[in-house]
Structures are given as structure tokens and as C-alpha cells.
Amino acid sequence: DGGITQSPKYLFRKEGQNVTLSCEQNLNHDAMYWYRQDPGQGLRLIYYSQIVNDFQKGDIAEGYSVSREKKESFPLTVTSAQKNPTAFYLCASSIGLAGEQYFGPGTRLTVT
Amino acid sequence: GDSVTQMEGPVTLSEEAFLTINCTYTATGYPSLFWYVQYPGEGLQLLLKATKADDKGSNKGFEATYRKETTSFHLEKGSVQVSDSAVYFCALSVSGGYNKLIFGAGTRLAVHP
């Protein structure tokens, strides 16, 4: 089955630690995205990548970093510089930047 | 800037009731409009979409019509089921660069037997 995998589903970290969230897709999509979802709010774009070895900042990139070394993978690192990292993180992919986005199941990160 | 406004929830209905979730938008250019659904603990799924004025998107008994004159894309269903309980997001994308999705805040729907 083709789809997007995010792991783990729940992640707990202590304040001051960097943490990396995994996103893998086997849809052969070129474009991938990371969103953040907070309670009672819509999704906000963190980073997106059109192709391998290329990525662009979204609306709320501060405190986050990404890499795109492989077409299938787009990991997101939440750094200690992110002031309020506790949130639900969603990864998405699309055929191209104009294509329909397909979402993964999400990772809920809690930082205490 | 471009934005989407949805009615606040939660919306609580009995099974077989009629559902309307209001969505209005502000956008430059000619956006495409979407409804996404998020079931508890899961990611988002595209429910329906419309790409130009007067288009009607429909899926699983849900429908929404792109109304340019009122800048609206209200979601409707004639008879809801308990399994429709979820959070519904209205979104738009404006072409030019990339398919950036702008989401509303989401509306939680709870359907009781």
C-alpha cells in the first residue's frame, strides 16, 4: 500500500533537547511538506521541499530544520531554539508543488 | 493576505440531522477550495474540492459549492452519521509558485446516536 509514514506517533522530550521527527513516503512524490497543528488552530506550514536536496522555509520555520537527501524521506528536527515545540506535526507529499497533498498520520510531540 | 474563516465549533448533532459548516475566504486571484477531514488521532484526508466558481465538490454524501459572489464554500450533508464525527478544515490554495494551502481553524463535529 502506498502512503506516508510518520514515526513515532507520540514523542516526549525534555526542554533543551533537539528531536527529529521521521516522515517517509512511497508514493513517488517529488514534493514534501511539514505542518504544525495547535489546538483550535488550522495547520501552519513549517518547511517544504520541491525536489531532493532543495527545501524552502514556510511561514513558521524558526526553530526548525529539515533535510531532503532522499526522495522518500523528509525528516524534521525541532531544535532547542523553538520556543513552544509541543504540538501535533503533520507531514504531507504531492506529485509536484501544484498537486493534491496527501497527509501522514502525524506525530504528537510533547516537550516538558 | 489570503485567509479562511470557519464557523466555530463544536457542532453537535443527532444522527440523521442536516449538517452545515460555514466557510468564507479572502484571496487574491482565483483560489481552489478544499474541505479536509481529520478523524481522532489521525492525519488529514481530502474530502472534496472545487477549482473554479460555481463548481460543486462532493464525496461520501458531503457537498460544497464554490460561490465567488459570496466568497464562500459551505460544507453540507443531508443526513449525518456517528462515523462523521471528526474535525473539518476548510482550505484554499492560490496558484503561482506552489500549491500553498491556507487552512481555517477547523470545526469539530460530534454526532450522537
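Residues numbered from 1 in each chain as written. Chains lettered and ligands numbered in written order. Predicted model: local features only at pLDDT ≥ 70, side-chain atom pairs only at ≥ 80, totals over all residues. Heavy atoms only, no water.

(A) Highlighting the sheet that holds strand β9 (residues 75-77) of chain B. All names here are of chain B. One open sheet accounts for four strands, arranged β3-β9-β8-β7; its pairing is antiparallel. Each end of this open sheet is capped by a strand with a single partner; those strands are β3 (19-21) and β7 (56-59). When the angles between neighbouring strand axes are averaged without regard to direction, this sheet yields 15°. Sheet analysis places β7 next to strand β8 (residues 62-65), joined by four bridges and oriented antiparallel. (Pairing = 2+ DSSP bridges. Helix = DSSP H or I, 4+ residues; strand = E, 2+ residues; numbered from the N terminus. Axes fitted to C-alpha atoms, helices over the stretch in contact; angles between N-to-C directions.)

(B) Quick peek at the interface of chain B and chain A. Facing the 17 residues of chain B at the interface are 21 residues of chain A. Carbon and sulfur atoms supply 55% of the area that chain B and chain A bury against each other, a total of about 1,400 Å² over both sides. Scanning the region where chain B abuts chain A turns up zero salt bridges. Joining chain B to chain A, the criterion identifies three residue pairs in polar contact (both at pLDDT 80 or more). (Contact = heavy atoms within 4.5 Å. Buried area = accessible area lost by both parts, 1.4 Å probe. Salt bridge = Lys/Arg side-chain N within 4 Å of Asp/Glu carboxyl O. Polar contact = N/O pair within 3.5 Å; in protein donor to acceptor, adjacent residues only side chain to side chain.)

(C) How the structure looks around the pattern of salt bridges. All names here are of chain A. For the structure on display, the rule yields six salt bridges over all chains. Ionic pairing is found between K71 and D30, a salt bridge with its closest N-O pair at 3.5 Å. Note that K71 is positioned in the loop between β7 (64-66) and β8 (76-78) and D30 in the loop between β3 (19-25) and β4 (31-37), a separation of 41 residues in sequence. Judged by relative accessible area, K71 falls into the partly exposed class, the value being 24%. One salt-bridge network, held together by shared partners, links R36, D38 and R44. (Buried < 20%, exposed > 50% of the residue type's maximum accessible area, 1.4 Å probe, protein only.)

(D) Broad picture of the state of the cysteines. All names here are of chain B. A full pass over the atoms with the stated rule returns two disulfides over all chains. What pairs with C23 in a disulfide is C90, and their sulfur atoms sit 2.0 Å apart. Residues C23 and C90 are joined through a disulfide that is left-handed, its torsion about the S-S bond being -70°. One end of the pair, C23, is in strand β4 (residues 23-26); the other, C90, is in strand β10 (residues 86-93), with 67 residues separating them in the sequence. By relative accessible area, which is 1% here, C23 ends up buried. Assessed through its relative accessible area of 1%, C90 is described here as buried. (Disulfide = S-S within 2.5 Å.)

(E) Broad picture of the packing of aromatic side chains. Taken as a whole and assessed by the stated rule, the structure comprises twelve aromatic pairs over all chains. Here Y35(A) and F103(B) contribute two aromatic rings whose centre-to-centre distance is 5.8 Å and whose plane-to-plane angle is 85°, an arrangement assigned as edge-to-face. You can see Y35(A) sitting in strand β4 and its partner F103(B) sitting in strand β11 (residues 101-103), one on each of two chains. On the accessibility criterion, F103(B) (9% relative accessible area) is buried. Here the aromatic rings of Y64(A) and Y89(A) are separated by 5.9 Å at their centres, their planes lie at 65°, and the arrangement is edge-to-face. (Phe/Tyr/Trp six-rings, centres within 6.5 Å; stacked < 30°, edge-to-face > 60°.)

Taken by themselves, the reported measurements are silent on function.
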